[in-house]
Amino acid sequence: MGTPVNIIVGSHVWVEDPNLAWIDGEVVSINNNEVHVQTSNGKKVTTDKSKVFPKDMEAPPGGVDDMTRLSYLHEPGVLQNLATRYELNEIYTYTGSILIAVNPFQRLPHLYDTYMMEQYKGADFGELSPHVFAIADVAYRAMINEGKSNSILVSGESGAGKTETTKMLMRYLAYLGGRSGVEGRTVEQQVLESNPILEAFGNAKTVRNNNSSRFGKFVEIQFDKTGRISGAAIRTYLLERSRVCQINTPERNYHCFYFLCAAPPEDIQRYKLADPKTFHYLNQSSCIEVEGINDAEEYLATRRAMDVVGINEEEQEAIFRVVAAILHLGNVNFAKGTEIDSSVIKDDSSRFHLNTAAELLKCDCSKLEKALITRVIVTPEEIITRTLDPASALSSRDALAKTIYSRLFDWIVEKINVSIGQDPNSKQLIGVLDIYGFESFKVNSFEQLCINYTNEKLQQHFNQHVFKMEQEEYTREEINWSYIEFVDNQDVLDLIEKKGGLIALLDEACMFPRSTHETFAQKLYTTFKNNKRFAKPKLSRTDFTVVHYAGDVTYKADQFLDKNKDYVVAEHQDLLNASTCPFVAGLFPSLPEETAKSSKFSSIGSRFKLQLQSLMETLSSTEPHYIRCVKPNNLLKPAIFENTNVIQQLRCGGVLEAIRISCAGYPTRKTFYEFVNRFGVLAPEVLEGSNDDKIACQKILEKVGLENYQIGKTKVFLRAGQMADLDARRAEVLGRAARIIQRQICTYIARKQFVMLKRSATQLQSFVRGTLARKLYECMRREAAALKIQKNVRRHKARESYLQLQAAAITLQTGLRAMSARKEFRFRKETKAAIHIQARWRCHRDYSHYKNLQDAALTYQCAWRQRLARRELRKLKMAARETGALKEAKDKLEKRVEELTWRLGLEKRLRTDLEEAKAQEIAKLQETLHDMQLQVEEAKAMVLKEREAARKAIEEAPPVVKETPVLVEDTEKINSLTAEVEQLKALLETERQATESAKREHAEAERRNEELIKKFEGAEKKIEQLQDTIQRLEEKATNMESENKVLRQQAVAISPTAKSLAAYPKSPFQLKTPENGNAPNGEVKSTPDVTPISLTKELEAEEKPQKSLNEKQQENQDMLIKCVSQDLGFSSGRPIAACLIYRCLLHWRSFEVERTGVFDRIIQTIGTAIEAQDNNDKLAYWLSNSSTLLLLLQRTLKTTGAAGLTPQRRRSSAASFGRVFSGMRASPQSTGRPFLGSRLIGGLGDLRQVEAKYPALLFKQQLTAFLEKIYGMIRDNLKKEISPLLGLCIQAPRTSRASLIKGSRSQANALAQQTLIAHWQSIVKILTNYLNVLKANYVPSFLISKVFTQIFSFINVQLFNSLLLRRECCSFSNGEYVKAGLAELEQWCIYATEEYAGSSWEELKHIRQAVGFLVIHQKPKKTLKEITNDLCPVLSIQQLYRISTMYWDDKYGTHTVSSDVISSMRIMMTEDSNNAVSSSFLLDDDSSIPFSVDDISKSMTEIEVSDVDMPPLIRENSGFTFLHQRKD
């Protein structure tokens, strides 16, 4: 990591500490190589100069996102950066392209929601804050762009969060390339759904983690050519088999054993289980239950997960039978037998568990017992059965249990892979490797060696990748790197895997029966005594130490031989293969005869070595990406960062190894801008004379005299220690400048004190003179006041005497005048009462006469109306009889249709059943034929094989008498086989005959099927003809029904009552009261809309022969649709199309009919018009029309009790007559006007209420949906246009190096301001264009204000979230730039006025308050109450904490809020940590529709539709003459 070359007194440094790993302090003295440091905790430490590292005092308070940007890239700097970021809940940090993830031990949902995925999708690496999504996105983009597979390696120790990180990776990859999988589930969901099963059977509680994976997992996510996920597969490595039989306190065995013991009672009874403490494989540890894990619930969850991945009930039953059998096997104990080295079942309890295990495995109990206590040895001469002593029998029992569990786990993984589905044609994949990290315990065994061997192999791959990244960086910058050495660990790998290495020697020892762990250890000592990576502990005979890259690990060789043996005992294999349970037999398939007879050795170490080689080949063929997971503490609690623990993990994870590789080259890299900005003070004259940053850097380095640095294309590369040298020189320059400033300040303060003293003396003199003057003035004022008081007292007494005399005179005058007035009042009151009595008498007399006349008139009118109604009733009854006949004919046709439909369905079912029967019969015959052919082929092969074997045996056999029985046996075997062949031939002939008969039956069935098909086709044609006939008849009946209805309406409208009432407008019986609509002075109120002449013309026109009413109505509808499909524009601010549609529908009574197609045609026309989603002018036009039409419908249509139901048949004619008659019997108020249809009454501008039927209400709902759709399209188009500009507006352009030159800062800022304002002005221009388009199309101001309110809310969300996600945006200067841009938006809101902008400006409250907080100077002086109540009342504590911790000032050097405020915020956040919503600091964009139909109705004014100018196409058409009538 490089030794600092310039440590001086006063330097801030890091020194080692036994408790904190590293602690900061200040150098107080230096003696040769000894450095005396005063640490921050008050201690004095003396250490060697080589063990002291400089501290960067200018490091950002919130740390850096990428640790390659650290000024000092060393171990304490890395640790401090991680700790700083962890305090701020920044759990992700880059080291180049490597992601370090520190487990927060708490949920941070805001980091993983859909919004965050959208942010990282397609973003450049490093543009946003470090995140696991960024790594996944880089891998996916590289795969798509380069066509090469990628892999993501997730490593870390148990409890570091590897599994959760893997889940997040798969979630993001599914988000990028997800597709619907089986049963609607994505591949990512299927992989995650398999996790509970793998965790149940592959995870266990360890010392460091309650849910530790005891196997390695490589998830291959396969993609097709388009980048969509096409399949996945899970590969597992090195399941820890020994855990099945051996566990130590406080660990547990695999979860599934405890889950099964907590199963429901019926399962417990079925598997004959009991408390876990009664089983040997579980009670070796005192830990039975784990806090936070409910075994009973987990058992049910595991069963549900098995259902989800496709493991059926029978297979689940078999799986848990096997698990229970393993538990029972563990309780089988052995005692010494009667013979030497023999054993027997110990007691009845062991016998019970043995019988139960055999019952669960469905194998023979005696054979199971024999397989456990005996061993068969096959020699060339004979087969020997050897008994085992109790210890060997226990080993045999444990070996069987481990083998069964291992086979079971492999079967489960294979079943999951089948369920997920793999894509054999996939050429691209992204692999996610979740594998165990480096392990070093007090006692390390064979499993730790394999795990650490894996990590050594991965570390070599990691080192090569890091070195490759370094090379690419140097090549990209065009600097010389050829002399940099590469740190390699090949010697450790040679020690383990090379021929003659640890694994080879272990396999060799396992092959020899007499080998022990002592002989194996001695062999290691002898072989590797000179290897620097191998060491022998002094006080042990079987331990050995391997020097790994992460540290020394001492292994105990006691059980290496047993754990390395992997072959299955032949007796165990035969026993379980013969099980009557197909599942158990499938776990132990039959081995080839040669393999079964031989006991060839196989080892776990060799097999694991091959697996690892395969994994490395896969990784080498992919582009790797690394994620290192870190566990911050062993307590598994949040907000605790243990330095020693983290440092050890960084070493084990290879992060510090990567730093060593970087330090071997150029660990410090600064861009030209950063270098000049930091070290420009070393050569200010260079800045004055050059505008090129690269040349300035070169001159600065030449002036200070540094060597061995490199200048690339964009960066300065410094060797280790050179940064400290530059900082020391910079500190000297700044120190001299500080002393000059101090001198000037002292002078200024002294002069200021003198001036203040002089001013004080002057003020004191002025005060004394003023006091004397005030005393003199007081005496003079008192004399003048005495004179004035005397004068006023005399005046007051004289005035009081005068006022008393005046009051007495007034009182006397008042009494006399009141007496005279009362007399006058009594006289006038009596006169008025007499007049009132006379008036009331005359009124009573005249009113009685008037009532008599009115009663007579009403009696005459009622008699006349009764006569007319009887006449009309007779006509309507005749019409009703005609309608009844039509209805009866229609009912007969409907019954005929139903009968034909039933027959058609019956024919279809018969055809389907026939086809299914035929297909089943064909499949059955083909299957039988195939089976017979396989049997014949097997029989032939067996005969040939036996004949060949017999021939060879006869030829090779020498003429020895003792071998004659063998020849006889072979001859007998040949004869038996020959007889068996003959039997098979006979059986084959029988099957052939059966096949021939089946074929004949099949041909007959096909012939019958063809005949039925022909009949069915004929029936279908007949049915189609009948359906056409029925449809025509239904249309005819509907047309006739509509004609009848309209005729009845016209008959009512043009009745004799109307004619007579219109013909006698001056009848002598018209009343002279305002209630009847007539003038009170005897004048008749005229009816402007209807005259007798117009009624006569209308009747004459209807009597002429014309087309049917239905055809005319269809022509009118076609004309309306044709006209509406054109852009009709606007008339006096009102949309012509909407008014035209409304008036036509109202006139045609379309709202009141139960069946019509005009609504569907109008909706289809609108849908066709808005297909061009990017034509905002067209969308605004239809938004205006749809909102206006919807408003008219809202104020016109009214619903009845049955309006919302499915339209029913029309009521009977008698009911229609009842409605007509009730309308004719109107109140007296309507007797003065003619009884006509509403389309002839009053002006067309009147919005009358209409009882709407189902089609009208459905049309209103569809129109509402189209209004919301058009609104959303306009809003989304506007969002699309401004989104790219918002990304440019959030971050201020970087000030060039010219800002460092004296006097040019303001010019640079002004230039940058103009650049940023240009983007904001583009947004304002877009907003203005949209506003003009909407106003030009007369869109209601209510909708316009809603559009811009949501757009400003979108701007607020995007800017605010970007501010919180990107630390470079959270600066003082950036706040100034954004504030200037927001001012542009405020000016636009003023320009748009409140009518159109609405509350848009208020929607920016989050970004306004956040920016206001960034640009205040006195942040450290602000209290939390002032911030939350005054400055930022809208922002939450999480948001304020995020801004406060990310804030940095690149302009004035101001600091963020005080540490006390930060601590208070952290406490408040901790209290709310249980609330998942409160922990999210990001805002959500609301894309809902922010209004309802009622809101539109309330916001819009009345619309006059009668005087809208209609288009020429409508005006010239005679069918639309009703549109020409206007309201007076």
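Residues numbered from 1 in each chain as written. Predicted model: local features only at pLDDT ≥ 70, side-chain atom pairs only at ≥ 80, totals over all residues. Heavy atoms only, no water.

Before going further, it helps to spend a moment on the sheet that holds strand S18 (residues 534–535). The 3 strands lie next to each other as S18-S19-S20, forming an open sheet whose pairing is antiparallel. Looking at strand neighbours, the two that pair on one side only are S18 and strand S20 (551–556), the edges of this open sheet. (Pairing = 2+ DSSP bridges. Helix = DSSP H or I, 4+ residues; strand = E, 2+ residues; numbered from the N terminus.)

Now for the pairing of strand S8 (residues 150–155). Both faces of the sheet carry side chains from a regular strand, because those side chains alternate between them. Most of S8 is tucked away, with 6 of its 6 residues classed as buried. In S8, alternate side chains face the same way, and those of Asn150, Ile152 and Val154 on one face and Ser151, Leu153 and Ser155 on the other are all buried. Here S8 runs beside strand S21 (residues 623–630); their pairing, made up of 6 bridges, is parallel. Pairing of Val154 across the sheet is with Ile627, part of S21. (Buried < 20%, exposed > 50% of the residue type's maximum accessible area, 1.4 Å probe, protein only.)

Let's shift gears to helix H28 (residues 693–704). With 12 residues, H28 should reach 16 Å at 1.5 Å per residue; the first-to-last C-alpha distance of 17 Å fits that figure. Of all the residues in H28, the buried ones are Asp693, Ala696, Cys697, Ile700, Leu701 and Val704. All buried residues of H28 fall inside an arc of 130° around its axis, so they share one side. Taken from the residues just after H28, Gly705 is the one with a positive phi, measuring 80°. (Expected span 1.5 Å × (residues − 1). Arc of directions from axis to C-beta.)

Right, let's talk about the side chain of Thr1349 for a bit. Summarising the element assignment, Thr1349 is placed in helix H40 (residues 1341–1365). Within the structure, Thr1349 has its side chain in polar contact with the backbone oxygen of Ser1345 (distance 2.6 Å). With residues up to four places along the chain from it excluded, the contact list for Thr1349 reads Ala1397, Ser1399, Ser1400 and Glu1403. (Polar contact = N/O pair within 3.5 Å; in protein donor to acceptor, adjacent residues only side chain to side chain. Contact = heavy atoms within 4.5 Å.)

Turning our eyes to something else, we now look at the nonpolar core. A general tendency of soluble globular proteins is for nonpolar side chains to be buried together. One finds Phe201, Phe257, Ile627, Leu1140, Leu1385 and Trp1388 to be the most contacted residues of the largest nonpolar core, which totals 243 residues. Residue contacts for Phe257: discarding those within four places in its chain leaves Val244, Leu282, Val323, Ile326, Leu327 and Tyr405. Within the second largest apolar cluster, 50 residues are counted, among which are Val466, Ala509, Phe534 and Phe544. (Core = buried A, V, L, I, M, F, W, Y, C linked by side-chain atoms within 4.5 Å.)

Before going further, it helps to spend a moment on the pattern of salt bridges. All told, the structure shown has 33 salt bridges when counted by the stated rule. Between Arg85 and Asp65 there is a salt bridge; the shortest N-O distance is 2.8 Å. In this pair, Arg85 is assigned in helix H1 (residues 75–87) and Asp65 in the loop between strand S5 (53–54) and H1, connecting sequence segments 20 residues apart. For the pair formed by Arg85 and Asp65, the shared burial category is buried. Between Glu164 and Lys167 there is a salt bridge, with its nearest N and O atoms 3.4 Å apart. Here the residue Glu164 and the residue Lys167 both occupy positions in helix H4 (residues 162–177), the gap between them amounting to 3 residues, near one helical turn. Overall, Glu164 belongs to the partly exposed group, its relative accessible area being 42%. (Salt bridge = Lys/Arg side-chain N within 4 Å of Asp/Glu carboxyl O.)

Another aspect to go through is the environment of Ile326. With respect to the secondary-structure elements, Ile326 resides in helix H11 (residues 313–330). On the accessibility criterion, Ile326 (1% relative accessible area) is buried. The sequence separation of Ile326 and Leu361 amounts to 35 residues, and the corresponding C-alpha distance is 9.4 Å. The contacts of Ile326, once residues within four sequence positions are left out, are Val244, Phe257, Tyr281, Ala401, Ile404 and Tyr405.

Attention now moves to the environment of Leu449. If you trace the backbone, Leu449 turns up in helix H15 (residues 446–477). With a relative accessible area of 5%, Leu449 lands in the buried category. With 111 residues separating them in the primary sequence, Leu449 and Phe560 have C-alpha atoms 9.8 Å apart. Those residues in contact with Leu449 that lie beyond four places of it in its chain are Leu502, Tyr555 and Phe560.

A few words on the packing of aromatic side chains. Evaluation of the coordinates by the stated rule reveals 34 aromatic pairs. In textbook terms, an aromatic cluster arises when at least three aromatic residues are bridged by ring pairs, as seen for Phe446, Phe520, Phe528, Phe534, Phe544, Tyr555 and Phe560. The cationic tip of Lys536 hangs over the ring face of Tyr525; the distance from NZ or CZ to the ring centre is 5.1 Å. A cation over an aromatic ring shows up here: Arg628 above the ring of Phe462, its NZ or CZ 4.4 Å from the ring centre. (Phe/Tyr/Trp six-rings, centres within 6.5 Å; stacked < 30°, edge-to-face > 60°. Lys NZ or Arg CZ within 6 Å of the ring centre and 35° of its normal.)

Two elements in contact, helix H6 (residues 195–202) and helix H14 (residues 390–420), have axes separated by 11 Å at closest approach and are oriented at 170°. Considering the angle they form, H6 stands roughly antiparallel to H14. Residue-level inspection shows Ile197, Leu198, Phe201 and Gly202 of H6 in contact with H14, the latter providing Tyr405, Leu408, Phe409, Ile412, Val413 and Ile416. (Axes fitted to C-alpha atoms, helices over the stretch in contact; angles between N-to-C directions. Parallel < 35°, antiparallel > 145°, perpendicular 65-115°, else oblique.)

This part takes up the environment of Cys363. With respect to the secondary-structure elements, Cys363 resides in the loop between helix H12 (348–361) and helix H13 (365–373). Judged by its relative accessible area of 13%, Cys363 falls in the buried class. With 216 residues separating them in the primary sequence, Cys363 and Ser579 have C-alpha atoms 4.7 Å apart. Apart from the residues lying within four places of it in its own chain, the contact partners of Cys363 are Ala358, Leu368 and Leu575.

Here the bond from Thr249 into Pro250 is cis, since omega is 5°, no more than 30 degrees from zero. With respect to the helices, strands and loops of the structure, Pro250 is situated in the loop between strand S12 (229–237) and helix H7 (255–261). Non-glycine residue Phe105 carries a positive phi angle of around 55°. Inspection of the secondary structure assignment puts Phe105 in the loop between strand S7 (98–102) and helix H2 (114–120).

Moving on, we come to the sheet that holds strand S4 (residues 44–48). A sheet is described by the order of its strands in space; here 5 strands give the open sequence S4-S3-S2-S1-S5, paired in antiparallel fashion. Because the sheet does not close on itself, it has two edges, and the strands there are S4 and S5. Summarising the sheet, strand S1 (residues 12–17) and S5 pair through 2 bridges and their orientation is antiparallel. Bridge pairing links Val13 to Pro54 in S5. Across the sheet, H1 is in contact with S1, strand S2 (21–31) and S5; its angle to S2 comes to roughly 135°.

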